[in-house]
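Here is how the chains run, residue by residue.
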Amino acid sequence: MATKKAGSGKPGGKAASQIPDAALRFLEYYYPIHYKAGIGVEDALRGGQLGRHQVAMLWLIHSEGKGGREMNRKAIERSLETWFEISGAAITKALRAMAQPPLELVRLVEDPKSGREKIVILTPKGEAHMKKMIAGGEAYVQRIIDHMSDEEIERGLHFFKRISEIVEGFRQD
């Protein structure tokens, strides 16, 4: 847990920013980034085949799952419930659709620790789809960064990394 410096009111002892209206200015950029650029990236990842929730499930498995290939269904549900207004039943329905033809991207297997719980595992077709999905997202982001200098790219990467670290810290508070 971060410590507070006396009088600063901020975790980590940082003094308030001297940049006028910094939080408001960040907020003003948030929606265009989230809804224009973010949705563009998401659409590129969807590739015209999957729904937003399904892409989020596959990305979770890729980024947080065991070996980037498998993840407990309940862990998927916990993450998605914090990102979307989605029920457990809707998650099950989306996973089942990805497990059946024509997609066949995942297998649902019984968790050996609990007969009621499932583990979601990418199939070889699912792994190939993930590679294609990532390539589509990368191509979209490349179109954005083609308009940036190397310094802007490095600053942007640092900025996104710091935001991720800070927000992850919120979960632990």
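Heads up: the structure comes first, above all this text.
Rules of the game
- Residues numbered from 1 in each chain as written.
- Predicted model: local features only at pLDDT ≥ 70, side-chain atom pairs only at ≥ 80, totals over all residues.
- Heavy atoms only, no water.
- Helix = DSSP H or I, 4+ residues; strand = E, 2+ residues; numbered from the N terminus.
- Phe/Tyr/Trp six-rings, centres within 6.5 Å; stacked < 30°, edge-to-face > 60°.
- Salt bridge = Lys/Arg side-chain N within 4 Å of Asp/Glu carboxyl O.
- Buried < 20%, exposed > 50% of the residue type's maximum accessible area, 1.4 Å probe, protein only.

Draft legend 1. Layout of the environment of K113. Here K113 lies in the loop between strand 2 (106-111) and strand 3 (114-122). Taking the C-alpha atoms as reference points, K113 and I153, separated by 40 residues in sequence, lie 45 Å from one another.

Draft legend 2. Inspection of the packing of aromatic side chains at higher detail. According to the stated counting rule, one finds four aromatic pairs in the structure shown. Consider the rings of F26 and F159, whose centres lie 5.6 Å apart with planes at 10 degrees: the pair is stacked. Linking F26 in helix 1 (residues 22-46) with F159 in helix 6 (residues 150-172), this pair joins segments that are 133 residues apart in sequence. Between F159 and F160 the ring centres are 6.1 Å apart and the planes differ by 45 degrees, which places this aromatic pair in the tilted class.

Draft legend 3. Expanded view of the pattern of salt bridges. According to the stated counting rule, one finds nine salt bridges in the structure shown. The salt bridge partner of E127 is R69, with a shortest N-O separation of 2.3 Å. Highlighted residues: E127 in helix 5 (residues 124-145) and R69 in the loop between helix 2 (52-64) and strand 1 (70-72), separated in sequence by 58 residues. Judged by its relative accessible area of 28%, E127 falls in the partly exposed class.

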